[in-house]
Amino acid sequence: MRLLKVATCNLNQWAMDFDCNMKNIKESIARAKEAGAVIRLGPELEITGYGCEDHFLELDTITHAWECLKDLLLGDWTDGILCSFGMPVINGSERYNCQVLCLNRKIIMIRPKLWLANDGNYRELRWFTAWKQKDQLEDFLLPHEISEALCQKSIPFGYGFIQFLDTAVAVEVCEELFTPIPPHADLALNGVEVFMNASGSHHQLRKLDYRIRAFISATHSRGGVYMYSNQQGCDGGRLYFDGCSCVVVNGDMIAQGSQFSLRDVEVVVAQVDLDAVAGFRGSISSFQEQASCKTKISSVAVQYSLCQPFNLKMSLSGPLKITYHSPEEEIAFGPGCWLWDYLRRSGASGFLLPLSGGADSSSVAAIVGCMCQLVVKEIANGDEQVKADAIRIGRYANGEFPTESREFAKRIFYTVFMGSENSSQETRMRAKKLADEIGSWHLDVSIDTVVSAFLSLFQTLTGKRPRYKVDGGSNVENLGLQNIQARIRMVLAFMLASLLPWVHNKQGFYLVLGSSNVDEGLRGYLTKVYYL
């Protein structure tokens, strides 16, 4: 038996927050080492954060990434453990999205991404170049400061794998897995047994099943250990990265991390037997035939052993049932986790939502309520970072902290019903009932006097007073009157968000939540608040 313990992780990285990102990286390595792992995989572009956007075009971003890598290599973080770090690298005049593989305080090789994500939410071709020279590795001259610090002048750069004394390991970066001819197919024929996929994959309803089926497919027909690492959380943009780091062996899931979590660091560890991979491949005749006429891929030889021999005290990680959330849970947990990440890093003291009692604003309110439940649950589970953030945002003192979601919501969540003569009693009562169930600080405000003031001013200026269509007005008048109400509600919402903390002797400000649906927001129809 060739026993190998591997560790992959969900990390809550933030674009351009190098200090926080480094803290999470180091904690993940420490946990992996404590568990006895000899391979540690982190998410795509974990040093800088995935969502840096045009900051990737700034030389400072690249420089800071190298400084962070130097810090990791000058310490004992990579002693006895192969670590794959994601960061941008400039080679010649091109920028590449790279995985830097390090062991025992040295850089072993740099693997640039072959196929870039450039559709849907992704625009990697705006910042990076895809690596196209797949036939050989080339020498990459390290930056002068890094070269002197590490006593390394050049290292292999390009598409290839690492050949250890007892196994072969390779990287496959995010999008490459989903291409028509993924790299792992040829790498497996070249004897690679361990695949490390560093990813920055966002949450989309039911997307996890598609992702996991790809991992299973990658190893079901050709064998191997497939490690997957992903970011988890909001990194400053509109996307939520949904974690679910995992390990798959020969088509079986043997370790799976959480999909939705408020934790900054989660490490998933698995113990595997690489002889099971060799035996599985030996049983597939077509694999043997194709391997005998394979296209050779360049490799980097490392005189080091990763595996341990058979030991009765070590138990292998067995197949487990894959965990999926229901669609309703995904809808609640994904946005709830995103809201918490955004809130805790924004400097705000909470949220304010104009709550009409309709479907859109009620859904947003329910998601904030779910966020409060997640925070209290994570504190009960012992997460000190979530606890510290909740104490700071909720203004707790004297050793107190959130223990009940409704009480926490009362401190950080304002809801406001801004009714008019056109509002029904039914929607008013629905808004009040939902606010009570969530625990928010609820206000009931009439905007009729403000609307009347606007109409009087308009009449003074023009000599005309618009009427609703039901009262004999035109379509133009009807739309204008509706827009007056929407804009008044928007202005009032921002005023309350700015001043209500002051009224209640709190510091800071509240973030105003919009409740228009997606197509309204994308088409420019979003007015932050829009209901009758």
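That block above? That's the structure.
Residues numbered from 1 in each chain as written. Predicted model: local features only at pLDDT ≥ 70, side-chain atom pairs only at ≥ 80, totals over all residues. Heavy atoms only, no water.

Caption draft 1: Examining the overall build of the protein chain more closely. Of regular secondary structure, the protein chain possesses 15 helices and 20 strands. Seen through its principal axes, the protein chain has C-alpha atoms that stretch 85 × 50 × 50 Å. The buried share of the protein chain, reckoned over its 532 residues, is 53%. Long-range pairs, those at least 24 residues apart, make up 73% of the contacts in the protein chain between residues at least 6 apart in sequence. Within the protein chain, the 59 negative side-chain charges are centred at a point lying 3 Å from the centre of the 52 positive side-chain charges. (Helix = DSSP H or I, 4+ residues; strand = E, 2+ residues; numbered from the N terminus. Buried < 20%, exposed > 50% of the residue type's maximum accessible area, 1.4 Å probe, protein only. Contact = heavy atoms within 4.5 Å. Lys, Arg positive; Asp, Glu negative; His and termini not counted. Charge placed at Lys NZ, Arg CZ, Asp CG, Glu CD.)

Caption draft 2: Layout of the nonpolar core. Trp66, Leu69, Phe85, Ile107 and Ile110 are the most contacted members of the largest nonpolar core, which totals 62 residues. The element that contributes the greatest number of residues to this core is helix α2 (residues 59-74), accounting for seven residues. (Core = buried A, V, L, I, M, F, W, Y, C linked by side-chain atoms within 4.5 Å.)

Caption draft 3: Seen up close, the layout of surface pockets. Taken as a whole, the largest pocket spans an internal volume of roughly 1,800 Å³. If you trace the largest pocket, you find 42 residues lining it, with Gly237, Arg238, Leu239, Trp338 and Val518 closest to the centre. At the level of secondary structure, the elements contributing two or more residues to the lining of the largest pocket comprise α8 (327-346), α9 (359-380), β20 (510-512) and α15 (518-522). When residues of the lining of the largest pocket are assigned to their parent elements, the largest contribution, seven residues, is made by α8. (1 Å grid on protein atoms, 1.4 Å probe; cavity = no way out; pocket = protein on both sides within 12 Å on 5 of 7 lines; lining within 4 Å. Points joined across faces, edges and corners; volume = space filled by probe spheres on them.)

Caption draft 4: Here's a closer look at the packing of aromatic side chains. A full pass over the atoms with the stated rule returns 19 aromatic pairs. Ring plane angle 70 degrees and centroid distance 5.4 Å describe the contact between Tyr96 and Trp131, whose orientation is recorded as edge-to-face. Taken together, the residues Tyr96 in strand β4 (residues 94-103) and Trp131 in the loop between β5 (106-112) and β6 (138-141) connect sequence positions 35 residues apart. Each member of the pair, Tyr96 together with Trp131, is buried. Here the aromatic residues Trp66, Tyr96, Trp131, Phe140 and Phe157 are joined through ring pairs into a cluster of three or more. The side chain of Lys387 reaches across the aromatic face of Phe401, ending 4.1 Å from its centre. (Phe/Tyr/Trp six-rings, centres within 6.5 Å; stacked < 30°, edge-to-face > 60°. Lys NZ or Arg CZ within 6 Å of the ring centre and 35° of its normal.)

Caption draft 5: Up close: a negative patch on the surface. On the surface, a cluster of negative charge is made up of Glu58, Asp60, Glu67, Glu145 and Glu148. Of all elements in the fold, only α2 and α3 (144-150) reach the threshold of two or more residues within the negative patch. Topologically, Glu67 is positioned in helix α2. Relative accessible area serves as the criterion here: at 41%, Glu67 is assigned to the partly exposed category. (Patch = residues over 30% accessible without salt bridge, like charges linked within 9 Å, V, L, I, M, F, W, Y side chains within 5 Å. Areas by Shrake-Rupley, 256 points an atom, 1.4 Å probe, with all protein chains shown as cover. Salt bridge = Lys/Arg side-chain N within 4 Å of Asp/Glu carboxyl O.)

Caption draft 6: A look at a nonpolar patch on the surface. On the surface, a nonpolar cluster with roughly 450 Å² of combined accessible area is contributed by Met1, Phe310, Leu312 and Leu316. Here Met1 is to be found in the segment before β1 (3-11).

Caption draft 7: Fine view of the pairing of strand β14 (residues 252-256). With four of its five residues buried, β14 lies for the most part within the structure. Where strand β13 (residues 246-249) meets β14, four bridges bridge the pair, whose relative direction is antiparallel. When the bridges of β14 are listed, Val248 appears paired with Met253. As consecutive antiparallel partners, β13 and β14 are separated by two residues, and within that stretch Asn250 has a phi angle of approximately 50 degrees, a positive value. (Pairing = 2+ DSSP bridges.)

Caption draft 8: Expanded view of the sheet that holds strand β19 (residues 441-446). Pairing is parallel in the open sheet, where four strands are placed in the order β19-β18-β17-β20. Each of the sheet's edge strands pairs with one partner strand only, and the pair in question is β19 and β20. Within the sheet, the average angular offset between the axes of one strand and its neighbour, ignoring direction, is 25 degrees. Inspection of the sheet shows strand β17 (residues 350-354) paired to β20 by three bridges, in the parallel sense. Counted as the bridge partner of Gly350 is Tyr510 from β20. On top of the sheet, helix α14 (residues 475-503) reaches β17, β18 (413-419), β19 and β20; it is set at about 145 degrees to β18, its chief contact. (Axes fitted to C-alpha atoms, helices over the stretch in contact; angles between N-to-C directions.)

Caption draft 9: Just helix α6 (residues 274-282), in detail. Within α6, the full set of buried residues consists of Leu274, Val277 and Arg281. Angularly, the buried residues of α6 cover 50 degrees about the axis, an arc narrow enough to put them on a single face. Between a side-chain oxygen at the N-terminus of α6 and the backbone nitrogen of Asp275 the separation is 3.1 Å; the capping residue is Asp273. (Arc of directions from axis to C-beta. Polar contact = N/O pair within 3.5 Å; in protein donor to acceptor, adjacent residues only side chain to side chain.)

Caption draft 10: Inspection of the state of the cysteines at higher detail. All chains considered together, the criterion is met by zero disulfides. Distance from the sulfur of Cys9, which forms no disulfide, to the nearest cysteine sulfur (Cys83) is 9.4 Å. In this structure Cys52 is a free cysteine whose sulfur lies 11 Å from that of Cys68, the closest cysteine sulfur available. (Disulfide = S-S within 2.5 Å.)

Caption draft 11: Quick look at the packing of α8 against helix α10 (residues 384-394). Viewed as axis vectors pointing N to C, α8 and α10 meet at an angle of 60 degrees, and their least axial separation amounts to 10 Å. Here α8 is positioned oblique relative to α10, judged by the angle of their axes. Relative to α10, α8 is oriented so that their crossing is left-handed. Of α10, the residues touching α8 (which contributes Trp340, Leu343 and Arg344) are Gln385, Val386, Asp389, Ala390, Arg392 and Ile393. Class assignment for the residues of the contact of α8 with α10 results in five nonpolar, one polar and three charged. (Parallel < 35°, antiparallel > 145°, perpendicular 65-115°, else oblique. Left-handed = near helix turned anticlockwise from the far one by under 90°. Nonpolar A, V, L, I, M, F, W, Y, C, P; charged D, E, K, R; others polar.)

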